[in-house]
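What follows is each chain in one-letter form.
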Amino acid sequence: MKEKQLSLFKLLKFNKNPDKEIPENIHLEKNQLWCPYCSNIVVFVRDKRLGVKKCPICSITINDYWVKKVNHLV
Ligand SMILES: [Zn+2]
């Protein structure tokens with residue numbers, strides 16, 4: 001059990017260097033974005049306290065340069 005938790009934790013390490021573009025084999029549905037920091041398809045959720053959308057996995061905000069860049073929001 002402990003080992004399993006440890007491996008799950010390892011999965012949650014985030015890219016120091018964010019993805020510069022969405023991988024070719026990724027197809028995003030409506031509302032989905034590519035998170036360049038955790039390399040996952042995610043739906044950014046609004047943080048009620050900060051009033052900004054964030055990745056539910058790594059908490060990067062949608063205002064981040066690379067989030068905007070890879071998702072063509074700029
Ligand atoms: Zn993320």
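Right above here is the structure, for reference.
Quantities reported herein were computed from a predicted structural model and do not represent experimental measurements.

(A) Up close: the overall build of the chain. The helix and strand inventory of the chain stands at two helices and four strands. Across the chain, helices and strands are ordered from the amino to the carboxyl terminus as α-β-β-β-β-α. A total of 74 residues make up the chain; the buried ones form 15% of that total. For the chain, long-range pairs separated by at least 24 residues make up 24% of all intrachain contacts whose partners lie at least 6 apart in sequence.

(B) Focus on the nonpolar core. Counting residues in each nonpolar core, the largest one holds nine residues, listed as L33, C35, Y37, C38, V42, C55, I60, V67 and V70. Of all elements in the fold, only β1 (33-35) and α2 (65-70) reach the threshold of two or more residues within this core. In contact with V70, not counting residues within four places along its chain, are D19, K20, E21, I22, W34 and P36.

(C) View of the environment of P36. Mapping P36 onto the fold places it in the loop between β1 and β2 (40-42). C-alpha of P36 to C-alpha of V70: the two residues are 34 residues apart in sequence and 7.2 Å apart in space. Once residues lying within four places of it in the same chain are set aside, the contact partners of P36 are N15, P18, D19, W66, V67 and V70.

Cut-offs used in this document
Every residue gets a number counted from 1 within its own chain, in the order that chain's sequence is written. Only residues with pLDDT of at least 70 are given local features in this predicted model, and only at 80 or more are side-chain atom pairs given and counted; all residues enter the totals for whole chains, interfaces and linings. Under the DSSP-based scheme used, a helix requires at least four consecutive residues in state H or I and a strand at least two consecutive residues in state E, with every element numbered from the N terminus. Counts of 20 or more other C-beta atoms within 10 Å of a residue's own C-beta define buried residues, counts of 12 or fewer define exposed ones, and intermediate counts define partly exposed ones; C-beta atoms are placed from the backbone. The contact rule is simple: place each C-beta atom from the backbone, and if two of them lie within 7 Å, those residues are in contact. By convention in this section, buried Ala, Val, Leu, Ile, Met, Phe, Trp, Tyr and Cys residues joined through C-beta atoms within 7 Å make up a nonpolar core.

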